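Listed below are the residues making up each chain.
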Number of protein chains: 2
Amino acid sequence: MGDMIRDSPPAAAAAATDTETQTRNKLFLGSFIHSKTKEQLEYLHDAAICVSACGTIVAVETDCDLKRAEAEVLPRLGWTVGDVEVHVGKEGQFFFPGFIDTHVHASQYPNVGIFGKSTLLDWLNTYTFPLESSLQDQKKAKRVYTACVKRTLAHGTTTSAYYATIDVDTTNLLADICLALGQRAFVGRVCMDREGLCPEYYKDESAADSLRRTRETVEYIRTIDPAFELVAPILTPRFAPACSSEAMRGLADMQRELDVLAQTHISENEGEIELVKELFPESESYTDVYDQHGLLGEKMVLAHAIHLSEKEADTIAERGAKVSHCPCSNSSITSGAARVRWLWDKGIDVGLGTDMSGGYSPSILEAARQAALVSRHVAMGLKGEEKERAKLTVEEVLYLGTRGGAKVVGLGAKVGGFEVGMQWDAQLIGLPVVDEDGEQVEDGNVDIFGWESWENRVAKWVFNGDDRNTKMVWVKGRMVHSRR
Amino acid sequence: MGDMIRDSPPAAAAAATDTETQTRNKLFLGSFIHSKTKEQLEYLHDAAICVSACGTIVAVETDCDLKRAEAEVLPRLGWTVGDVEVHVGKEGQFFFPGFIDTHVHASQYPNVGIFGKSTLLDWLNTYTFPLESSLQDQKKAKRVYTACVKRTLAHGTTTSAYYATIDVDTTNLLADICLALGQRAFVGRVCMDREGLCPEYYKDESAADSLRRTRETVEYIRTIDPAFELVAPILTPRFAPACSSEAMRGLADMQRELDVLAQTHISENEGEIELVKELFPESESYTDVYDQHGLLGEKMVLAHAIHLSEKEADTIAERGAKVSHCPCSNSSITSGAARVRWLWDKGIDVGLGTDMSGGYSPSILEAARQAALVSRHVAMGLKGEEKERAKLTVEEVLYLGTRGGAKVVGLGAKVGGFEVGMQWDAQLIGLPVVDEDGEQVEDGNVDIFGWESWENRVAKWVFNGDDRNTKMVWVKGRMVHSRR
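Residues numbered from 1 in each chain as written. Chains lettered and ligands numbered in written order. Predicted model: local features only at pLDDT ≥ 70, side-chain atom pairs only at ≥ 80, totals over all residues. Heavy atoms only, no water.

Regarding the overall build of chain A
Within chain A, the regular secondary structure consists of 16 helices and 17 strands. Against the 2.2 N^0.38 benchmark of 23 Å for 484 residues, chain A shows a C-alpha radius of gyration of 22 Å, consistent with a compact globule. If you line up chain A on its principal axes, its C-alpha atoms span 70 × 55 × 40 Å. Split into buried and exposed, the 484 residues of chain A put 65% on the buried side. If you take every contact in chain A between residues at least 6 apart in sequence, the share linking residues at least 24 apart comes to 72%. Roughly 15900 Å² of accessible area belongs to chain A as shown, and the carbon and sulfur atoms make up 49% of that amount. (Helix = DSSP H or I, 4+ residues; strand = E, 2+ residues; numbered from the N terminus. Rg over C-alpha atoms; globule rule 2.2 N^0.38 Å. Buried < 20%, exposed > 50% of the residue type's maximum accessible area, 1.4 Å probe, protein only. Contact = heavy atoms within 4.5 Å. Areas by Shrake-Rupley, 256 points an atom, 1.4 Å probe, with all protein chains shown as cover.)

Right, here's the structure in full:
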C-alpha cells in the first residue's frame, strides 16, 4: 500500500521518505500563512521553516532570522550552514500551502471556457466525449496533459485528483507527466461501460473490461512510483449513469483489495438525478446507489453534491465520504449552488475542485473566489441567521483550497499546512510593495497602497490575485515552478 | 453643451473633432471583432480600418491588406502613404471595442476585495465612507485616482462613469487625471446631504451646498475640456436614502438646464429598499422616488436595479432611463441577482459596471464573465423556456460591455463598435499562437491549442483572459496603454 494515499502519522511519513534524498536541505525565511482552523488563518512573520532534503518539514521556528537560524536551528538539526539552500521571502511575499484540486478532468483541459448554454447531459455529448475520445492519440494527449499540469502548477496547485480518459496508455502517460513535472497527483482511468448513456465510440466494452483496464493503470503507476509517493492511482467510476452495477461492485471490491482512493460525481444536475432514479429504481437516492454498490466510504471523493437531501447528506457523513465543491463549474453549466456550510454542519469534509472543463478556470484561487460568491448566492435564498452563516469568508475558502482539500484526498496529515512532519508543498506568493514615492514595483492585478493590514492583503490576493502572484511552487521540497 | 454627452449623428461627431488634430492619421490592419447585434459578434478578418488624426473612423474595408490599403484606400482619403501610422494585428490578435464601465467609484479603489460578510448599509459605514472621506487629502486622492485610471485602462476600459467623493477639489483632480491619461470619463461629485444616513464627518451641509458644489465641478470640467470631448461632468445624487428631496429636485433642474448625464443607485439591497419606503412614504416605490423628483429620464444611469417590481421596470422603460448591471458587486455584498434578460425584455438599455469596491475587480471582462455566471444563477430559479432564456451568452455579455454600455452613457453612436463616423476607442487583444512544435508563445492565462474556432477563442478570452491579453488601448485615436 502506498504511503501517499494513507493519512500516515507525520513521523512515519518523514521516515518513509528519508531514504530517497535527491535535493538539498532547505531553509525558508520570512512570512508564512496557513489555516489554523476553518475560520482562522495563522500568520507567522519573521519565521523560519526547515525542510529536509526529502521534502519534510523538520522545524518551524518563530522569531527567527538568518542569523538565529544559522546559530541555533541548523546546528540543532545537524545541518552544515554552507550546505543548506536558503530561500528568503521578500517584503510583500509570503509562503502559503500549495493548493489541492480535488476534482479535475485533465482530458477536458482544451475546452476550458467553452460550454455555450449547455447543461450537464448535453454538455457531455456536445463538448466532452468527443474531446476525451480523441485523446487516445498519444501526441495530442501528451500536449494536452503537459499543458494542463504545467498550467495548474503555475497557479500553485501542488496536488490534483485527475480524471484522464478510458484509454489506458494515455492515462498512464498522464501519470508519467505528473511525476516528471513534480505534481502530486491521483490519476484515474475513467470507467464507463453502461449501454445507452455512453456513446458507442467512447465506452468500455464491458464491466470486466472496465476492471481489467483500471487494474492495468494501477499496476503501471506502481512501476513508476512504487510506494505511490507522488503519483497514485484513483479508482474512477465516471458517475452512476455511465456505469453498470457490475463495474461499480467490481471497483468497490478492488478498492477494498488495494486500499486506494476512489472518485466519482454525485447530484450535480436535476436531469442527471432523474436519470439515476430511472436507471436504479431499486435505490432510494443517488447516494444510495453508491452506498448499495459498496463505494461510499472514507476514501471516496464525491464531486458536486449540490441537490442532496438531508438523508443523503447524513448517509455521506456517516460513511465518511468526502465532497469536492466545484463552484466555477456549477455556475457555468447551471448545475446549481452547493451548500458548503450545510455540508460542513453535517460533518462532511469539503475541498475545492476546478472541475475543468465544466469549470472554466485552472486556478484553485479562482475556485476559492467563486466559492465565496456562490455561497452568497446560497445566502440570497435564506433568511436571518442562516443567511448570514451561509456566506463563506476569505479564511474559509482558503481552508477549502488547502487543508480542506488535503483531507478530502486523504492527505490531511501530510500536506495543506506548515507543521513539523508535513511535506513542503508550498507556494511563494508575492504582492506588490510600495516604494517611497507610492509607486508599485510589481506586475499583476493586485494594487497595494501600503496601509492594508495583512488580513486585507490576503483578501486582495483572493479577489484580484492570479498566477502572476505565484512566484515559486514546491512539491515535496522540489521546486516545480518559478516565475521571473 | 458638450459633444461627448450627446448621441450626435456620426458625421456631426466627426466634423466637430476634426479641428483639433494632435496625432497622425492611422491605419489598422488585421482582424476586428465587435457586436453586430446583442446576439451576434461580427468577425472582420483581413480587414482595414482608417482612423483620422482626430480619432474618428473614416473607413472600414474588408478584404484589405497593406498593399491594397496603400494603393486604393489611403489615396481615396487623400492620405499620403508615408504620413500614416500603421498598426498590424499579428496572428492570434484582434481589435475589439474598448470596454465601457457604466458604474465605478474611483474613490473606493483601494478597497477592492475588502468587504468581509457585509451587505450594503453596513458596508457603507464600515469600509466606504471612511475611505471616501479620507480622499480630501490631495496627495492621497492623486495616488488613488491615478492608480484606478491606469489600472482600468490596462484592462481595456476606454470609458468610465465615475463617482468621486463629495469633495470638489479632488473630484476635479479626478477629471484632470482622466484627461491627462486619456480615458474618456464622466466624473461625478457625490451629492449626499440627508441627515441621518450620511455620517456627520462625510456629508454636504445642505441641499444648497450639494447643488453649489456640484456646479463648481461642472464649471471646472468646462475649463479643462470645454466641449466635454473626453471628460464630462455627471450629476450624482448618491442614492435616495442619502439625498434630501430638495437636493434631488435641484439636481433634476440642473440636469434640464445643462443637459448632462446623471447617475445614481436603485434597488440594490432589501434593507435599502425598506429604508427608502420609510424615508419616502409618499412614493409608491424606489423608482417612483426618482420619478417624482424629476430624475428619471433618458440621461439617468441607474446602478443595480435588482429587486424592481414589474411596474417599476415598466416605468424605467417608459422614461428611457438606463441600467448599469454590476454582477461582481451584487454577488460580493449579497445584494441579489439582477435579471438582465427581463430588463432587456422590458426594453431597457443595460451596460456593465465594475462597481468598485462593492465589486472586487477593475475589469469589465471580469464583469462580463460574472454577468454570464450570475445569469445562470437567475436561471436556476426559473423553469422551462424562461430558464433557458435567462442565461446570457458570450456574445451577449460582450455586447453589455461595449455597445450596451455605450448606449447607457449616451454614446451609442460614438463608441462601442467599428463603424465609419465612430471614435477609435479600441483595444488590441492578443491570444497565444501555437508554433510548429505545439508550443505557445505568450504569457497569460489562456491556452490555445490551434484547433479552436474564432468563436471558441473569444469564449476562452472571456473566461480566462485578463489584462495580459490587452496589448494596446486607444481612446479617440490616442494610444493610452500598451504592454510589452
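Structural notes on a nonpolar patch on the surface
A contiguous nonpolar surface patch, about 220 Å² in accessible area, is contributed by Leu66, Val86 and Val88 of chain A. Along the chain, Val88 of chain A falls in strand β4 (residues 85-88). (Patch = residues over 30% accessible without salt bridge, like charges linked within 9 Å, V, L, I, M, F, W, Y side chains within 5 Å. Salt bridge = Lys/Arg side-chain N within 4 Å of Asp/Glu carboxyl O.)

Side note on the relation of the copies chain B and chain A
What relates the pair of chain copies is a rotation about an axis plus a shift along that axis. Superposing chain B onto chain A takes a rotation of 180 degrees plus a shift of 0.0 Å along the axis, which leaves an RMSD of 0.0 Å. Expressed as an axis order, the relation between the two copies is that of a two-fold axis. Within chain B, His377 of chain B has its C-alpha nearest the rotation axis, a separation of 3.8 Å. Interface residue correspondence from chain B to chain A reaches 100%, placing this contact among same-surface, isologous pairings. (Least-squares fit on C-alpha atoms with pLDDT ≥ 70 in both.)

Some remarks on empty space enclosed by the protein
Within the structure shown, the criterion is met by 6 cavities of 30 Å³ or more. Empty space within the largest cavity amounts to approximately 300 Å³. Glu366, Arg369 and Asp466 of chain A together with Glu366 and Arg369 of chain B are the residues nearest the centre of the largest cavity, which is lined by 27 residues in total. Split into classes, the residues belonging to the lining of the largest cavity amount to 5 nonpolar, 12 polar and 10 charged. (1 Å grid on protein atoms, 1.4 Å probe; cavity = no way out; pocket = protein on both sides within 12 Å on 5 of 7 lines; lining within 4 Å. Points joined across faces, edges and corners; volume = space filled by probe spheres on them. Nonpolar A, V, L, I, M, F, W, Y, C, P; charged D, E, K, R; others polar.)

Brief notes about the pattern of salt bridges
Residues and elements named next belong to chain B. Using the criterion set out here, one finds 70 salt bridges over all chains in the structure. Notably, a salt bridge pairs Asp425 with Arg184, separated by 2.7 Å at the nearest N-O pair. With Asp425 in the loop between α15 (394-408) and β15 (426-430) and Arg184 in strand β8 (residues 184-188), the pair connects residues that are 241 residues apart, well separated along the chain. On the accessibility criterion, Asp425 (3% relative accessible area) is buried.

Focus: the domain arrangement of chain A
How big an interface is tends to be stated in terms of accessible area lost as the parts join. All names here are of chain A. Per the domain assignment, the segments of chain A are domain 1 (24-97 + 417-483) and domain 2 (99-409). A separation of 30 Å is found between the C-alpha centroids of domain 1 and domain 2. Carbon and sulfur atoms make up 61% of the surface buried where domain 1 meets domain 2, a total of about 2500 Å² over both sides. Viewed at the interface, domain 2 and domain 1 are joined by 3 salt bridges. (Domains from an automatic or database assignment. Buried area = accessible area lost by both parts, 1.4 Å probe.)

Topic: the nonpolar core
Ranked by size, the top nonpolar core spans 245 residues in total, and within it Tyr290 and Trp461 of chain A together with Tyr290 and Trp461 of chain B carry the most contacts. Once you skip the residues sitting within four places of it in the chain, Trp461 of chain B turns out to touch Phe94, Phe96, Phe99, Leu365, Arg369, Leu398, Ile429, Leu431, Val446 and Asn469 of chain B. (Core = buried A, V, L, I, M, F, W, Y, C linked by side-chain atoms within 4.5 Å.)

A few points about α15 of chain B
Residues and elements named next belong to chain B. Counted at 1.5 Å a residue, the expected span for α15 with its 15 residues is 21 Å, and the 20 Å between its end C-alpha atoms agrees. Taken as a whole, α15 carries its principal kink of about 45 degrees at Leu400. Most of α15 sits inside the fold, with 13 of its 15 residues counted as buried. Positive backbone phi, approximately 75 degrees, marks Gly410, located one or two places after α15. (Expected span 1.5 Å × (residues − 1). Bend = angle between axes of the 7 residues up to and from the residue.)

A few points about unusual backbone geometry
In the segment running from Met356 of chain A into Ser357 of chain A, the intervening peptide bond is cis, with an omega of 0 degrees. Within the secondary structure layout, Ser357 of chain A lies in the loop between β14 (350-352) and α13 (364-380). One non-glycine residue, His304 of chain A, lies in positive phi territory at about 90 degrees. Here His304 of chain A lies in strand β12 (residues 300-304). Accessibility expressed as a relative area gives 0% for His304 of chain A, which makes it buried. One non-glycine residue, Thr334 of chain B, adopts positive backbone phi at about 50 degrees.

A word on the side chain of Arg341 of chain A
Note that Arg341 of chain A resides in helix α12 (residues 340-345). Here Arg341 of chain A is in contact with Arg389, Ala390, Lys391, Leu392 and Glu396 of chain A together with Lys117 of chain B, once residues within four sequence places are set aside.

Thoughts on the layout of surface pockets
In this structure, the second largest pocket spans a volume of roughly 960 Å³. Residue lining of the second largest pocket: 29 residues in total, with Glu439, Gln440 and Asp447 of chain A together with Ala147 and Lys150 of chain B positioned closest to the centre. No other element matches helix α4 (residues 138-154) of chain B, which puts 10 residues into the lining of the second largest pocket.

Comments concerning the packing of α4 of chain B against helix α5 (residues 168-181) of chain B
Residues and elements named next belong to chain B. Here α4 crosses α5 at 35 degrees, and the two axes come no closer than 9 Å. The crossing of α4 and α5 is right-handed. Only Asp169, Thr170, Leu173, Leu174, Ile177, Cys178 and Leu181 of α5 make contact with α4, whose side of the interface consists of Gln138, Ala141, Lys142, Tyr145, Thr146, Val149, Lys150 and Leu153. Classifying every residue of the contact of α4 with α5 gives 9 nonpolar, 3 polar and 3 charged. (Axes fitted to C-alpha atoms, helices over the stretch in contact; angles between N-to-C directions. Left-handed = near helix turned anticlockwise from the far one by under 90°.)

Some words on the packing of aromatic side chains
For the coordinates displayed, the defined rule picks out 46 aromatic pairs over all chains. Ring geometry for Phe32 of chain A versus Phe95 of chain A: centroids 4.9 Å apart, planes at 20 degrees, classification stacked. Taken as a pair, Phe32 of chain A in strand β1 (residues 26-35) and Phe95 of chain A in strand β5 (residues 93-97) lie far apart in primary sequence, 63 residues in all. Like Phe32 of chain A, the residue Phe95 of chain A is buried in the burial classification. For the pair Phe28 of chain B and Phe95 of chain B, a centre-to-centre distance of 5.5 Å together with 75 degrees between the ring planes defines the contact as edge-to-face. (Phe/Tyr/Trp six-rings, centres within 6.5 Å; stacked < 30°, edge-to-face > 60°.)

A short note on the interface of chain B and chain A
If you look at the interface, chain B gives 62 residues, while chain A gives 62 residues. Both sides of the chain B and chain A interface together cover about 4900 Å² of buried area, and 52% of this is carbon and sulfur. Area buried by chain B at its contact with chain A is led by Lys117, Arg143 and Phe449 of chain B, which between them contribute 14% of it. Here chain B and chain A share 6 salt bridges between them. Residue Asp467 of chain A pairs with Arg468 of chain B through a salt bridge whose shortest N-O separation is 2.7 Å. Taken together, chain B and chain A are joined by 26 residue pairs in polar contact (both at pLDDT 80 or more). Going through the elements one at a time, α4, α11 (327-332), α13 (364-380), α14 (384-390) and α16 (454-464) of chain B are the ones with two or more residues in the side of chain B that touches chain A. (Polar contact = N/O pair within 3.5 Å; in protein donor to acceptor, adjacent residues only side chain to side chain.)

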